[in-house]
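Summary of structural features
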Amino acid sequence: MLKTNQMIEAIKEYSIPFANIDDLLALINKASRAQYVLLGEASHGTSEFYKIRAAITKELIQHHGFSFIAVEGDWPSCFEVNRYIKGYTTQYADAEDVLKSFSRWPSWMWANQEIKELIEWLRDYNNNLPAHQLKVGFYGLDVYSLWESMEAIIEYLENNHASDAKKAKKAFECFEPFHREAQMYGISSAFYGKNCMVEILELLQTIQQKKDTYTHEPEAALSMQVNALVASNAEAYYHTMITNDNESWNIRDRHMVEALKYIQSYYKDSAKGIVWEHNTHIGDARATDMKSSGMVNVGQLTREEYGPKHVYAVGFGTHHGTVIASDSWGNPQQELTVPPAMEGSWEDTIHRAGAFDQYLMFTEENRKFFHSTIGHRAIGVVYDPEVEQYGNYVPSRLSKRYDAFIYVEKTHALSPLIF
């Protein structure tokens, strides 16, 4: 393990300062050779992370032929954004209007000013594409939208395949006693044997068999398949989360990779995609203490599935600033202070090498200098700055966890939309 002063000297030698998107072009050009570019974040409430990812995303789409964005969000809400940016619907007046679809807590993750600007850019970009070219898409990979996905399935089938709607309703009725309380379903299924898997799997099989008949709306087949996948994996997720939290994490991340495959299939095998998720999802789990707990994540699974050369993972971090988060699950959002990084962490070490915005690209030449296992800051939607040293640092080998790392010295809170 290198001493701290050796790591500081290596950072000084290999890091690249940046002030705008032009300064990041070396990283973007390198990333563009991969089929999937995974863009992380150290929190779900930091403006700079969203803005930098948006700038990188635009470059990858405009100049390197990337076809879609897949995010750590619910499929039904993100699919409304997809419909808006592709002109499939006149239901929404503007980007802010469609972002009202993100009504489930924590809504600020996607209903924010930074995303609003990207959504309008995507709509304009798609409007200017040749008629024969597939438009750039925006999709959600997460597993939480059990009820919303079931409702979307039933609505489509009632309008277009009434005979199959009965099967969907039967599956949905299994969950109805829990009145949208996912945790209550988990408790009941874990301790009282309540299990809706049989009904869900029958529905999933029906939708897979009949997917080619779902042509009444643009991308209806894709949406039906992923909504059914959500219902199936969400059932397993909520069934497991009460008794085995690590395995429920694995179900969630495996689901996200599976959903990514459906999107890839729609755009054909040669298409290239951009994934926006927290560092804990896109940074290879094998380079953290997650491995010893038997946990996997999107970064690890995609590298294993497609090969390391076809996946380029970019982590993000900050030394200090402000962030949008909540003091407990489901409570109102707050702007909270992010204190200076914990001494000895990756963020502290980079700060000591130079208190400015900079990035590292890991290569065979320099990877050994960033291979030490030390703490790496991770802030979730629930955050208490006063005790972050006890639970907000993930032991990480930075150069194995990511292919590149973007460091912002001082960050600022996201700008949530107020509805």
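These figures come from a predicted structure and were not determined experimentally. (Residues numbered from 1 in each chain as written. Predicted model: local features only at pLDDT ≥ 70, side-chain atom pairs only at ≥ 80, totals over all residues. Heavy atoms only, no water.)

Taken N-terminus to C-terminus, the directions of helix H8 (residues 162-173) and helix H10 (residues 197-209) make an angle of 150°; their axes are 8 Å apart at the nearest point. Taken together, the axes of H8 and H10 are roughly antiparallel relative to one another. The handedness of the crossing between H8 and H10 comes out as left-handed. Counted together, Asp-164, Lys-167, Ala-168, Lys-170 and Ala-171 of H8 and Glu-199, Ile-200, Glu-202, Leu-203 and Thr-206 of H10 form the full contact between these two elements. Residues belonging to the contact of H8 with H10 are distributed by class as follows: four nonpolar, one polar and five charged. (Axes fitted to C-alpha atoms, helices over the stretch in contact; angles between N-to-C directions. Helix = DSSP H or I, 4+ residues; strand = E, 2+ residues; numbered from the N terminus. Parallel < 35°, antiparallel > 145°, perpendicular 65-115°, else oblique. Left-handed = near helix turned anticlockwise from the far one by under 90°. Contact = heavy atoms within 4.5 Å. Nonpolar A, V, L, I, M, F, W, Y, C, P; charged D, E, K, R; others polar.)

For the bond from Trp-105 to Pro-106, the omega torsion is 0°, close enough to zero to count as cis. Considering the arrangement of structural elements, one finds Pro-106 in the loop between helix H5 (95-98) and helix H6 (113-127). A positive phi angle, close to 60°, is found at Glu-219, a residue other than glycine. Tracing the backbone through its elements, the reader meets Glu-219 in the loop between H10 and helix H11 (220-241).

This paragraph deals with helix H14 (residues 298-306). Think of an α-helix as turning once every 3.6 residues; residues three or four places apart then point the same way. Burial of H14 is extensive: seven of the nine residues sit out of reach of the surface. Restricting attention to buried positions, one finds in H14 the residues Val-298, Gly-299, Gln-300, Leu-301, Thr-302, Arg-303 and Tyr-306. Elements that come into contact with the buried residues of H14 comprise strand S2 (36-39), helix H12 (245-267), helix H13 (279-282), strand S6 (311-325) and helix H16 (398-401). (Buried < 20%, exposed > 50% of the residue type's maximum accessible area, 1.4 Å probe, protein only.)

Okay, H10 next. Compared with an ideal rise of 1.5 Å per residue, which puts 13 residues at 18 Å, H10 spans 18 Å between its outermost C-alpha atoms and is within 8% of the ideal. Listed in full, the buried residues belonging to H10 are Met-197, Ile-200, Leu-203, Leu-204, Thr-206 and Ile-207. In this fold, the buried residues of H10 make contact with helix H7 (146-160), H8 and H11. (Expected span 1.5 Å × (residues − 1).)

This model, assessed by the stated rule, comprises 20 aromatic pairs. Grouped by ring-pair contacts, the aromatic residues Phe-68, Trp-75, Phe-79, Tyr-139, Tyr-266 and Tyr-267 constitute a single cluster. The ring of Tyr-50 is capped by Arg-53, whose NZ or CZ atom sits 4.8 Å from the centre of that ring. The ring centre of Tyr-84 lies 4.4 Å from the NZ or CZ of Arg-123, which sits over that ring. (Phe/Tyr/Trp six-rings, centres within 6.5 Å; stacked < 30°, edge-to-face > 60°. Lys NZ or Arg CZ within 6 Å of the ring centre and 35° of its normal.)

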